[in-house]
Amino acid sequence: MLVSEIIYEVLKAPFNDRVGPHPLPEGFDNSATYITYQGITNIPLNTVKGWTGHGRVRIQINVYNHEKLQAEKDAEAVKWAMDQQKYSNCEIAEQRDGGFDEETQVWGQEIDFYLWQNACN
């Protein structure tokens, strides 16, 4: 599975299908918590025979809400859900406070994860 598929599968239910690649389309309803994700790096796994079809991906998951405390709570829920999922080995790399976005009027939390993906399945 690709990392984007894993993230969507894991987070769609707890966040009412409000999960998608960053940035979300213009006009997206941001009245409740929503999640975006974006790739940071992808390190392919190679052997002497070449690429194995696997890669270690660093992905950033962004959590947004109009209330700062709720964004923080939802970020904890994202970390728990990603840690407990069984699709791929997952490691939390770091978390940052994304601050307040004037344009969208939401608070953000940014969490980076390392996950393995298999491009061949």
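No experiment lies behind these values; they were computed from the predicted model shown. (Residues numbered from 1 in each chain as written. Predicted model: local features only at pLDDT ≥ 70, side-chain atom pairs only at ≥ 80, totals over all residues. Heavy atoms only, no water.)

Examining a negative patch on the surface
Step number 1: Residues Glu-26, Asp-101, Glu-102 and Glu-103 make up a contiguous surface patch of negative charge.
Step number 2: With a relative accessible area of 75%, Glu-103 lands in the exposed category. (Patch = residues over 30% accessible without salt bridge, like charges linked within 9 Å, V, L, I, M, F, W, Y side chains within 5 Å. Areas by Shrake-Rupley, 256 points an atom, 1.4 Å probe, with all protein chains shown as cover. Salt bridge = Lys/Arg side-chain N within 4 Å of Asp/Glu carboxyl O. Lys, Arg positive; Asp, Glu negative; His and termini not counted. Charge placed at Lys NZ, Arg CZ, Asp CG, Glu CD. Buried < 20%, exposed > 50% of the residue type's maximum accessible area, 1.4 Å probe, protein only.)

Description of unusual backbone geometry
Step number 1: In this model, His-22 is joined to Pro-23 through a cis peptide bond whose omega is -5°.
Step number 2: Checked against the element boundaries, Pro-23 lands in the loop between β1 (19–21) and β2 (34–47).
Step number 3: For Asn-16, which is not glycine, the phi dihedral falls at a positive 50°.
Step number 4: Mapping Asn-16 onto the fold places it in the loop between α1 (3–11) and β1.
Step number 5: The residue Gln-105 is not glycine, and still its phi comes out positive at about 60°.
Step number 6: Mapped onto the elements, Gln-105 comes out in the loop between β4 (90–101) and β5 (106–118). (Helix = DSSP H or I, 4+ residues; strand = E, 2+ residues; numbered from the N terminus.)

Some remarks on the nonpolar core
Step number 1: Core analysis: the biggest nonpolar cluster contains 21 residues, and Ile-7, Leu-11, Ile-61, Val-78, Met-82 and Phe-113 have the highest contact counts within it.
Step number 2: The set of elements that each furnish at least two residues to this core consists of α1, β2, β3 (50–65), α2 (68–84) and β5.
Step number 3: Top element by residues in this core is α1. It accounts for five residues.
Step number 4: For Ile-61, the residues in contact, after removing those within four places along its chain, are Ile-7, Leu-11, Ile-35, Thr-36, Tyr-37, Val-78, Met-82, Gln-109, Glu-110, Ile-111 and Phe-113. (Core = buried A, V, L, I, M, F, W, Y, C linked by side-chain atoms within 4.5 Å. Contact = heavy atoms within 4.5 Å.)

Things to note about the packing of α1 against α2
Step number 1: Packing of α1 against α2 leaves a shortest axis separation of 10 Å and a crossing angle of 115°. Of the possible angle classes, the one that applies to α1 and α2 is roughly perpendicular. Crossing angle aside, the handedness with which α1 passes α2 is right-handed. Taken together, the residues of α2 that come into contact with α1 (itself represented by Ile-7, Val-10 and Leu-11) are Val-78, Ala-81 and Met-82.
Step number 2: When grouped by side-chain class, the residues that make up the contact of α1 with α2 number six nonpolar, no polar and no charged. (Axes fitted to C-alpha atoms, helices over the stretch in contact; angles between N-to-C directions. Parallel < 35°, antiparallel > 145°, perpendicular 65-115°, else oblique. Left-handed = near helix turned anticlockwise from the far one by under 90°. Nonpolar A, V, L, I, M, F, W, Y, C, P; charged D, E, K, R; others polar.)

A closer look at the confidence of the model for the chain
As a general rule, the predicted coordinates of low-pLDDT regions are not to be interpreted in detail.
Step number 1: In the predicted model, the chain carries a mean pLDDT of 93, and 99% of its residues have values of at least 70.
Step number 2: Per-element confidence in the chain ranges from a low mean pLDDT of 91 for β2 to a high of 98 for α2. (pLDDT = per-residue confidence, 0-100.)

Here we look at the pairing of β3
Step number 1: The pairing of β2 with β3 spans twelve bridges and is classified as antiparallel. In the sheet register, Asn-46 faces β3, and the bridge partner there is Trp-51.
Step number 2: Here β2 folds back onto β3, and the loop between the two strands holds two residues.
Step number 3: Where β3 lies against β5, twelve bridges are found, and the strand directions are antiparallel. Directly across from Ile-61, in β5, lies its bridge partner Ile-111. (Pairing = 2+ DSSP bridges.)

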